[in-house]
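Here are the chains, one letter per residue:
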Amino acid sequence: MLGIEEIGYYIPQGRISNYDRKTQFGIDDHFIEEKIGVRQVSLKSPDEETSDLCVKAFANLRKKIAVNLNDIEAVVVVTQNPDRNIPHTSAMLHGKLALPNRCACFDISLGCSGFVYALSIFQAFMAANGMKKGLLFTADPYSKITDPNDKNTTLLFGDAAAVTLISDQPKLVSGAFTFGTIGAEHEKLICNDGILFMHGRAVFNFAAKVIPDDIRQVVAKNALTLEQVDLFLLHQGSKIIVETIADKLPVSREKAPYATYDYGNTVSSTLPILLADELSGTARNIVICGFGVGLSWASGLLKRP
């Protein structure tokens with residue numbers, strides 16, 4: 001049985017305070033604290049590349065658990081902002097970590113839904129090939145593509161990376177997943193000529209309309225009720241999005257926490273960063289849900305083995 005054994009992550013120490021940008025964008029403390037819920041965004045240093053963030057996340061993982069590099073049979077990197085177009089970031093990361101030559105490496109080009117998609121894909125890939133240990137990295141530094149003068153993006157997105165150790169000694173195992181895409185709306189969150197554009201209202205409406213229904217579906221698909229789910233870990237798009245989804249389900253906001261005040265929306269890394277603290281917790285049924293770029297979404301159930 002494969003599942004999540006441990007999670008490491010790296011959030012750069014660099015920060016940009018949104019309080020310092022109130023005059024620039026005509027916003028107030030209420031907007032910062034109650035609407036977007038981002039007091040400051042994390043910022044990588046100019047010399048840190050996507051693969052470097054992954055290396056530092058792996059260093060954090062090794063502080064939590066002993067990892068023998070020779071045991072790693074596969075690596076996947078979820079990113080849409082790689083080091084470069086060619087080669088794949090996972091190959092560059094393979095070299096930086098000095099992993100064995102027999103290790104399989106590939107990238108997945110997905111954004112906010114990427115961790116959930118990759119968890120399903122990677123575990124299936126490992127199981128089909130008889131593998132016992134693999135590393136699932138997420139790293140999407142949006143500081144590469146955000147316009148510092150664009151209120152809709154620069155106030156929200158922070159840089160980070162996470163690595164999830166998938167093994168045959170799991171603390172959490174996956175149940176059934178659900179997936180979806182509204183490709184006709186892809187231009188609502190898009191990178192044109194190297195600059196990110198987001199139609200904030202459209203993305204909010206998408207999340208508020210689609211995600212509560214999808215979570216109900218994944219809960220039912222796993223033969224549970226909402227009341228039997230201990231924790232709902234939702235993509236941290238903004239505080240108001242997380243709270244709106246919780247209210248629409250409805251579940252208590254305590255069971256669907258918002259927790260990224262001090263580093264922002266880290267895209268595909270938001271869920272594993274949240275999940276890292278829950279591995280040693282008491283929650284037995286955890287729903288995870290990522291949504292955004294595409295417009296796409298994915299939900300799944302994690303449970304104690």
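## Considering the packing of aromatic side chains
Move 1: Counted by the stated rule, this structure contains seven aromatic pairs.
Move 2: Ring geometry for phenylalanine 177 and phenylalanine 179: centres 6.0 Å apart, planes at 15 degrees, overall stacked.
Move 3: Among the aromatic residues, ring-to-ring pairing joins Phe106, Phe122 and Phe125 into one connected group.
Move 4: The ring of tyrosine 261 carries arginine 39 above its face, with NZ or CZ at 4.2 Å from the centroid.
Move 5: A cation over a ring is seen here: lysine 151 above phenylalanine 31, with NZ or CZ 5.0 Å from the ring centre.

## Some details on the packing of helix H7 (residues 200–221) against helix H8 (residues 239–248)
Geometrically, a packed helix pair is captured by the angle between its two axes and the distance between the axes.
Move 1: One way to put it is that H7 packs onto H8 with a least axis distance of 9 Å and a crossing angle of 40 degrees. Overall, the two elements H7 and H8 adopt an arrangement that is oblique. Here H7 and H8 pass one another in a crossing that is right-handed. Facing H7, whose interface residues are Phe204, Ala207, Ala208, Ile211, Pro212, Ile215 and Arg216, H8 presents Ile240, Ile241, Thr244, Ile245 and Lys248.

## Things to note about unusual backbone geometry
Move 1: Here the amide bond leading from isoleucine 86 into proline 87 is cis, since omega sits at 5 degrees, within 30 degrees of zero.
Move 2: Following the sequence through the fold, proline 87 ends up in the loop between strand S4 (74–78) and helix H4 (89–97).
Move 3: The residue after glycine 294, namely leucine 295, is reached through a cis peptide bond having omega -15 degrees.
Move 4: If you trace the backbone, leucine 295 turns up in the loop between strand S12 (285–292) and strand S13 (296–303).
Move 5: For alanine 98, which is not glycine, the phi dihedral falls at a positive 55 degrees.
Move 6: Among the structural elements, alanine 98 can be located in the loop between H4 and strand S5 (104–108).
Move 7: For alanine 98, a relative accessible area of 56% puts it in the exposed group.
Move 8: In the Ramachandran plot, alanine 223 falls in the positive-phi region, its phi being about 60 degrees despite a non-glycine side chain.
Move 9: The exposure class of alanine 223 is exposed, given its relative accessible area of 66%.

Criteria and cut-off values
- Residues numbered from 1 in each chain as written.
- Predicted model: local features only at pLDDT ≥ 70, side-chain atom pairs only at ≥ 80, totals over all residues.
- Heavy atoms only, no water.
- Phe/Tyr/Trp six-rings, centres within 6.5 Å; stacked < 30°, edge-to-face > 60°.
- Lys NZ or Arg CZ within 6 Å of the ring centre and 35° of its normal.
- Axes fitted to C-alpha atoms, helices over the stretch in contact; angles between N-to-C directions.
- Helix = DSSP H or I, 4+ residues; strand = E, 2+ residues; numbered from the N terminus.
- Parallel < 35°, antiparallel > 145°, perpendicular 65-115°, else oblique.
- Left-handed = near helix turned anticlockwise from the far one by under 90°.
- Contact = heavy atoms within 4.5 Å.
- Buried < 20%, exposed > 50% of the residue type's maximum accessible area, 1.4 Å probe, protein only.

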